[in-house]
Amino acid sequence: MHPILIAPSLLSADFVNLERDVKRCEQAGADILHVDVMDGTFVPNITIGPPVVAALRRVTDLPLDCHLMIQNPENHIAAFAEAGADWISLHVEACTHLHRTLSVIKEYGKKAGVVLNPLTPLDYAYQAAEYCDFILLMSVNPGFGGQQFINSFLRRCSELRTFLDTHGLAHIPIEVDGGVKKENARAIIEAGASILVSGSGVFSGNLADNIYAIKNA
Ligand code: DX5
Ligand code: ZN
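The structure presented is a predicted model; accordingly, all values stated were derived computationally and were not measured.

Draft legend 1. Molecular detail of the overall build of the protein chain. Scanning the protein chain from N- to C-terminus turns up nine helices and eight strands. Expected size for 217 residues packed as a compact globule is a radius of gyration near 17 Å; at 16 Å, the protein chain falls within 12% of this value. Along the three orthogonal principal directions, the C-alpha set of the protein chain runs to about 40 × 35 × 30 Å. Considering only contacts in the protein chain between residues 6 or more positions apart, those separated by 24 or more positions represent 62%. Carbon and sulfur atoms form 51% of the exposed surface of the protein chain, whose accessible area is close to 9400 Å².

Draft legend 2. Geometry of the coordination of the zinc ion (ligand 2). In this structure, His34 (NE2), Asp36 (OD), His67 (ND1) and Asp177 (OD) serve as the protein donors to the zinc ion (ligand 2), at separations of 2.0 to 2.3 Å. Considering all six donor atoms around the zinc ion (ligand 2), the spread of angles at the metal, 71 to 168 degrees, places the coordination shape in the octahedral class. Given a relative accessible area of 0%, His34 falls into the buried group. Judged by its relative accessible area of 0%, His67 is buried.

Draft legend 3. Fine view of unusual backbone geometry. With phi around 50 degrees, Asn72 is a residue other than glycine that occupies positive phi space. Mapped onto the secondary structure, Asn72 falls in the loop between β3 (64-69) and α3 (77-83).

Draft legend 4. Inspection of the nonpolar core at higher detail. Counting 64 residues, the largest nonpolar core has Leu10, Val35, Val114, Ile135, Leu137 and Leu164 as its most contacted members. For this core, the leading source of residues is helix α6 (residues 152-166), giving five residues. Counting residues in each nonpolar core, the second largest holds six residues, with Ala7, Ile32, Ile195 and Val197 among its members.

Draft legend 5. A look at the pairing of strand β5 (residues 111-116). Counted residue by residue, β5 has five buried out of six residues, so it is predominantly covered. Note that strand β4 (residues 87-91) and β5 share five bridges and pair parallel. By the bridge assignment for β5, Trp87 is matched with Lys111. Regarding topology, helix α4 (residues 98-107) serves as the crossover connection from β4 to the parallel β5, and that connection is right-handed. Of the pairings in the sheet, the one linking β5 to strand β6 (residues 134-138) comprises four bridges and is parallel in character. The residue bridging Val115 from the neighbouring strand is Leu136, located in β6. Taken together, β5, helix α5 (residues 123-128) and β6 form a β-α-β motif whose crossover is right-handed.

Draft legend 6. Summary view of the site of ligand 1. Surveying the vicinity of ligand 1 reveals 20 residues, the closest of which are Asp36, Gly143, Asp177, Gly199 and Ser200. Ser9 places a side-chain nitrogen or oxygen 2.8 Å from an oxygen atom of ligand 1. Contact distances for ligand 1 include 2.8 Å between an oxygen atom and a side-chain N or O atom of Asp36. Look at ligand 1: alone it shows 380 Å² of surface, and the protein chains cover 100% of it. Taken atom by atom, the bulk of ligand 1 overlaps the largest cavity. If you list the elements that add at least two residues to the shell around ligand 1, you get β2 (33-38), β3 and β8 (195-198). In terms of residue class, the shell around ligand 1 is built from seven nonpolar, 11 polar and two charged.

The rules behind the values
- Residues numbered from 1 in each chain as written.
- Chains lettered and ligands numbered in written order.
- Predicted model: local features only at pLDDT ≥ 70, side-chain atom pairs only at ≥ 80, totals over all residues.
- Heavy atoms only, no water.
- Helix = DSSP H or I, 4+ residues; strand = E, 2+ residues; numbered from the N terminus.
- Rg over C-alpha atoms; globule rule 2.2 N^0.38 Å.
- Contact = heavy atoms within 4.5 Å.
- Areas by Shrake-Rupley, 256 points an atom, 1.4 Å probe, with all protein chains shown as cover.
- Donors = N, O, S within 2.8 Å, 3.2 Å for Na, K, Ca; no water.
- Tetrahedral: all angles 85-135°; square planar, octahedral: opposite > 155°, others 65-115°.
- Buried < 20%, exposed > 50% of the residue type's maximum accessible area, 1.4 Å probe, protein only.
- Core = buried A, V, L, I, M, F, W, Y, C linked by side-chain atoms within 4.5 Å.
- Pairing = 2+ DSSP bridges.
- Right-handed = clockwise from strand over helix to strand, strands pointing away.
- Near = heavy atom within 4 Å.
- Polar contact = N/O pair within 3.5 Å; in protein donor to acceptor, adjacent residues only side chain to side chain.
- 1 Å grid on protein atoms, 1.4 Å probe; cavity = no way out; pocket = protein on both sides within 12 Å on 5 of 7 lines; lining within 4 Å.
- Sits in = over half its atoms within 2 Å of the grid points.
- Nonpolar A, V, L, I, M, F, W, Y, C, P; charged D, E, K, R; others polar.

This is the structure in structure tokens:
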């Protein structure tokens, strides 16, 4: 069984007070910090890049989970690795040379993951799994925080969990991202996800209570 890990998405933090919000996440029991990198091309929004990852690195020892929502992520692995990312995930829809790029991430000593959009065939995850340290299934269309959870995630997650468990890949955890809240966390965990990203679900209201509720769902 994989431990349940909670990864607050800093996209919902106060960017003027990032260090304060990182400390609040640490004190509330966050396991990982999720960093959403958007390029305005793969997704409509533009967010943050390596300089902010480097700044975060100076104020926390929590693993930095960099979710690259960018076209041609292979061009930017070095920058994120050198900035201090610990986990780097790339979208299968945005990367032509998946195997090569996953290998590069691992050569930097980082955890490598692939991400699938809500309707991308799971076959991509099946093919990539043996080269991954984790797999991220989107439960919203990437680009923005605060969107509604897409229910087909639950079926897809169960299918992927079964595949991994029956193909000698039981050690690979599934991460979920988008619309995760204390109200749906239990169903998500039952479907086989163990790394729960949550932005608006933890930053709106009482952060510590939200993190506790999701971790103990
Ligand atoms: C969406 C991002 C998510 C987002 C999650 O493109 O990848 O990480 O910040 O935010 P919530 O939890 O509010 O859906
Ligand atoms: Zn994300």
